Amino acid sequence: MAKIAIVGCGAMGSVYAALMAEAGHEVHAVTLWPDHAEAMATKGLRCEGASGDRTVPIHASMTTDGIGPCDLVIIATKAFDVEAAARSCLPLLDRETVVQTIQNGLGSPEIAAPILGADRLAVGVVGGFGASIRAPGHTHHNGMEMVRFGAFSGLPKQLLQASAKIWESAGFKVALFDDIKQMVWEKLIMNVAFSGTSCTTGLTVGEILGDADAWTVARGCAEEAIAVAKASNVRLNVGDPIEHIRKLGNKIPDARPSMLLDYNAGRRCEVEAINGAIPRLGKPLGLATPVNDTVVAIIRSRERRMLAGSANSPDLPSSKPSSKTPAGEAA
């Protein structure tokens, strides 16, 4: 059995942790949320949903101190926390430790590689989970459609395969990719469609699909992302990309994307790594991205006011880690 550390054990990370622990691995769950860490450490971690319902004993803490070298390290934080998380993972590394970065959007592996070493890094993409934290120590997920990995730069194939087998032993269906740009962008177009749209409208994935106006926004965001991918020579092997997005979305209609949940919980969201990446990459290619521009501007404005309010009022939720537990995420 493998020794695994999951750094950033929110809704998605808790699903990984619970299923891996149930499979018999030694799992260390690291989270900045005190209530969640305490509940896991004292009562175990409950995970229910598409994979069943179980409560498993698990090692849980708020830091990586004392964990020691691991076979597999999974960085499952938000994109803007990857640098700090990567630095905290340095004591977890041994000669053949594989580190997997699993974030929404673009840019996380490029941040982690100089800190941890590009030749031990795998890029991960997951989707179709619709995960959320129901209570401290209790995670739920609606599905588990997509788990994909690829070597970032120089990770030996046998180590990539060995890390994938750990996931497979816990019941995940894993696909390995040589073309990590294709892998990342096939997930990104779905995130771009639903994340920003949900945050601006407050709607679930299914509600966006069922509302003509909301779907117009989501589809516009996606079409711009698809155009940027094409101009960047990124191969998308999903058939009709819009139909691919609709199909995956229809599998998790009740999911609330993490961007909406973060906003509702008074926390900073990942708009810059998701919808914000499309204008950033489109501009030097001469591509207009008016729908994503507008969605990003709305979210920035809402977030700025929300974070200012939380800083000035004790009655509003804090944007920083506290005793409040994160509401969850959809991926």
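Here, the structure is the one placed above.
The text that follows walks through the structure, step by step, so that each part is easy to find. Remember, predicted model here, so these are calculated numbers, not experimental data.

Quick notes on the rules
- As a convention, each chain's residues are numbered from 1 in the sequence order in which they are written.
- Residues qualify for local features only when their pLDDT is at least 70, as the model is predicted, and side-chain atom pairs are given and counted only at 80 or more; totals for whole chains, interfaces and linings, by contrast, use all residues.
- Just so you know, side-chain values use all the structure's heavy atoms and leave hydrogens and water out.
- Numbering of helices and strands starts at the N terminus; helices are DSSP runs of H or I of at least 4 residues and strands are runs of E of at least 2.
- Here's how the labels work: a residue is buried when its accessible area is under 20% of the maximum for its type, exposed when over 50%, partly exposed in between, all with a 1.4 Å probe on protein chains only.
- Paired strands, as defined in this entry, are two strands with at least two bridges between them according to DSSP.
- Lines are fitted to the C-alpha atoms to define the axes, a helix being fitted only along its stretch in contact, and any angle between axes, read from their N-to-C directions, falls within 0 to 180 degrees.
- Note on definitions: a residue-residue contact is assigned when non-hydrogen atoms from the two residues lie within 4.5 Å.
- Here, a salt bridge means any side-chain nitrogen of Lys or Arg that lies within 4 Å of a carboxyl oxygen of Asp or Glu.
- Between the rings of Phe, Tyr and Trp (Trp by its six-membered ring), a pair exists once the centres lie within 6.5 Å; its type follows the angle of the planes, with under 30 degrees stacked, over 60 edge-to-face, and the other angles tilted.
- Ring-over charges, as used throughout, are those where CZ of Arg or NZ of Lys falls within 6 Å of the ring centre and within 35 degrees of the ring normal.
- The crossover handedness rule: strands pointing away from the viewer, path from first strand over the helix to second strand clockwise, crossover right-handed.

This part takes up unusual backbone geometry. Residues other than glycine seldom take positive phi values, yet Asn233 does so here, at roughly 60°. Along the chain, Asn233 falls in the loop between helix H8 (212-231) and helix H9 (241-251). Given a relative accessible area of 73%, Asn233 falls into the exposed group.

Spatially, S4-S3-S10-S9 is the arrangement adopted by the four strands of the open sheet, whose pairing is mixed. Since the sheet does not close on itself, it has two edges, and those belong to strand S4 (52-56) and strand S9 (131-135), each with one partner. Recorded for the sheet is a direction-independent mean angle of 20° between the axes of neighbouring strands. Here five bridges tie strand S3 (residues 45-49) to S4, and the two strands are oriented antiparallel to one another. Paired with Cys47 across the strands is Arg54, a residue of S4. Contacts from helix H1 (residues 11-22) reach S3, S4, S9 and strand S10 (138-141), with the element oriented near 85° to S9. The strands touched by helix H2 (residues 34-43) are S3, S4, S9 and S10; relative to S3, the strand with the most contacts, the crossing angle is about 100°.

Turning our eyes to something else, we now look at the pattern of salt bridges. Summed over the entire model, instances satisfying the criterion amount to twelve salt bridges. In this structure, Glu22 engages Arg54 in a salt bridge whose closest nitrogen and oxygen atoms are separated by 3.0 Å. In this pair, Glu22 sits in helix H1 while Arg54 sits in strand S4, placing the two residues 32 residues apart along the sequence. Take Glu22: its relative accessible area is 46%, and that puts it in the partly exposed class. For Arg54, a relative accessible area of 10% puts it in the buried group. Between Arg95 and Glu96 there is a salt bridge, and its shortest N-O distance comes to 3.8 Å. Three or more residues are tied together by salt bridges with common partners; here these are Arg46, Glu48, Asp53 and Arg134.

Scanning the entire structure with this criterion turns up seven aromatic pairs. Measuring from centroid to centroid gives 6.5 Å for Phe194 and Trp215, while their planes differ by 35°, and the two rings are tilted. With a gap of 21 residues between them, Phe194 in helix H6 (residues 180-201) and Trp215 in helix H8 connect regions that are remote in the sequence. The pair formed by Phe194 and Trp215 is uniform in burial state, with each residue classed as buried. Taking NZ or CZ as reference, Arg246 lies 5.0 Å from the ring centre of Trp215, over its face. The residue whose ring lies beneath Arg302 is Tyr263, and the NZ or CZ to ring-centre distance is 4.1 Å.

What follows concerns the pairing of strand S2 (residues 26-30). Among the five residues in S2, four count as buried, and that is most of the element. Both strand S1 (residues 3-7) and S2 contribute to a ladder of five bridges, which runs parallel. Counted as the bridge partner of Ile4 is Val27 from S2. In terms of handedness, the path from S1 via H1 over to S2 forms a crossover that is right-handed. Relative to strand S5 (residues 59-61), S2 runs parallel, the two sharing three bridges. Bridge pairing in S5 places Val30 opposite Ser61.

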